[in-house]
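A structural walkthrough
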Amino acid sequence: MTHVEDELNSQPECWIRAAEEAGRHREALPDPGERVAVVGCGTSYFMAQAVAALREGSGRGETDAFAASEFPAGRSYDRVIALTRSGTTTEVLQLLAELKGHTRTTAVTTDPGTPVMEAADDLVVLDYADERSVVQTRFATTALTLLRAHLGLHTGAAVTDARTALTSPLPQGLVECTQFTFLGRGWTVGLANEAGLKMREASLSWTEAYPAMEYRHGPISITTAGTATWMFGEAPDGLAEQVRATGGLWVGSGLDPLAELVRAQRLAVAVAASRGLDPDRPRHLTRSVILTP
C-alpha cells in the first residue's frame, strides 16, 4: 500500500478526533461577526475556498479565500487563518510576516517544529493528520472538518459517509475515462477544485473544475464518450440529463460532499495504478514549496 492510500484510508478516525477537539481550539478560531480571510497554497487554498463559503453562508461573518501569494495588500481583516500542512511554505510565511503586529493570525498545521509556529499569533496543530505523501489527503479534510465543527456544521453522518466512500466500488467505467470534470456549488466548489488537483497530481489526468452552473457556459462542449463529469453536492436541475445526452459519464453525489472528495482521492490512486504511476512520487512536485531568496 502506498503512503497516500494509507493516509486517505485513515480519514474517518482523523475527522472524529478533529470534531472532538474543535472546542479546545475555540480561542484560536474566529468568533461570529469577525471579518476573516482564509489563505493557503495548492490543496490548502482549495480548502480555504470551502471554509470561506461555509462560514459566510452560515451567517458567521464576511469571509474571503485567497492563495497566500495573492492576498490583497491593504485590505482589513479581523483575522487571517493560514492552512499549511508543512508549516514551511514560503508564500504563507511571507504573508504571516507581513501581517504580524496589525492583523491577528491563526495557523492550522501539523508539525510543531516548523517556522509557522513563530510566524502566527495563534496555532492549531493537527499532528495526527500529518502525512508522508507529497499528495495531500487527510490533512486537508481534517482541517476542513475542524473548521466545520467550529461552525457547528459537522455531523457524524460525514464520518459514516467517508467510511462508505472508502469501501464502496467506484462507478463502472470511471477509471477508464480519459478526461474528468468536477463540479460544485457554494462550499463544494473548493472541493471540486481539489478533486481536480488530486487527479492531476497523482495520475497526470486531464481534469477541470467549475461552479456547476458555469458548466453549460462552454465547458460542456468537451463532454463525450470517455469523459466523466462528477458533481459534488446537489446538481442543478437538468444538468445530469444534459451530460448523459453527450455520451459522457455522469457521477452523482449521494454522500456528504467531503466524503465524495474521499471517493475522488481513491479514483486518483486507482487511475495512477492503471497507468503504472506511483502516486507517492508525483512528477515535478515536492511536499512543500520552499523558495530560495
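What comes next concerns the included structure.

When helices and strands are counted, the protein shows 10 helices and nine strands. Scaling as 2.2 N^0.38, a compact globule of 293 residues should have a C-alpha radius of gyration of about 19 Å, and the protein matches this with 18 Å. Its C-alpha atoms give the protein principal-axis dimensions of roughly 55 × 40 × 40 Å. The buried share among the 293 residues of the protein stands at 58%. Sequence-distant contacts in the protein: of pairs separated by 6 or more residues, those separated by 24 or more amount to 72%. Counting only carbon and sulfur atoms, one obtains 50% of the accessible surface of the protein, whose full area is about 12200 Å². Taken as two groups, the 26 positive and 36 negative side-chain charges of the protein have centres that lie 2 Å from each other.

So, on to the sheet that holds strand S8 (residues 227-231). Strand order in the open sheet formed by four strands is S7-S6-S8-S9, and the pairing between neighbours is parallel. Lying at the two open borders of the sheet, with one neighbouring strand each, are strand S7 (206-211) and strand S9 (249-251). Put simply, the sheet's adjacent strands are angled 20° from each other on average, direction ignored. Pairing between strand S6 (residues 179-184) and S7: six bridges, direction parallel. The residue bridging phenylalanine 182 from the neighbouring strand is alanine 209, located in S7.

Tallying each qualifying case throughout the model produces eight aromatic pairs. Judged by centre distance (5.7 Å) and plane angle (75°), the rings of phenylalanine 66 and phenylalanine 71 are edge-to-face. A relative accessible area of 14% places phenylalanine 66 in the buried class. Look at phenylalanine 182 and phenylalanine 232: their rings are 6.1 Å apart centre to centre, the planes differ by 55°, and that puts the pair in the tilted class. Linking phenylalanine 182 in strand S6 with phenylalanine 232 in the loop between S8 and helix H9 (239-245), this pair joins segments that are 50 residues apart in sequence. Taken individually, phenylalanine 182 and phenylalanine 232 each receive the classification buried, so the pair is uniform in this respect.

With that settled, consider the pattern of salt bridges. One pass over the full model with this rule turns up 15 salt bridges. A salt bridge links arginine 163 to glutamate 13; its shortest N-O distance comes to 3.5 Å. A residue pair is termed long-range when its members are at least 10 positions apart, and arginine 163 in helix H7 (residues 156-167) and glutamate 13 in helix H2 (residues 11-21) qualify at 150 residues. For arginine 163, a relative accessible area of 39% puts it in the partly exposed group. Here glutamate 194 makes a salt bridge to lysine 198, at a shortest N to O gap of 2.4 Å. Here lysine 198 and glutamate 194 lie together in helix H8 (residues 188-203), a separation of four residues that amounts to about one turn. Looking at lysine 198, the relative accessible area reads 2%, which means it is buried. Three or more residues are tied together by salt bridges with common partners; here these are Glu34, Arg79, Arg104 and Asp122.

Here is what the cut-offs are and how they apply
Residues numbered from 1 in each chain as written. Predicted model: local features only at pLDDT ≥ 70, side-chain atom pairs only at ≥ 80, totals over all residues. Heavy atoms only, no water. Helix = DSSP H or I, 4+ residues; strand = E, 2+ residues; numbered from the N terminus. Rg over C-alpha atoms; globule rule 2.2 N^0.38 Å. Buried < 20%, exposed > 50% of the residue type's maximum accessible area, 1.4 Å probe, protein only. Contact = heavy atoms within 4.5 Å. Areas by Shrake-Rupley, 256 points an atom, 1.4 Å probe, with all protein chains shown as cover. Lys, Arg positive; Asp, Glu negative; His and termini not counted. Charge placed at Lys NZ, Arg CZ, Asp CG, Glu CD. Pairing = 2+ DSSP bridges. Axes fitted to C-alpha atoms, helices over the stretch in contact; angles between N-to-C directions. Phe/Tyr/Trp six-rings, centres within 6.5 Å; stacked < 30°, edge-to-face > 60°. Salt bridge = Lys/Arg side-chain N within 4 Å of Asp/Glu carboxyl O.

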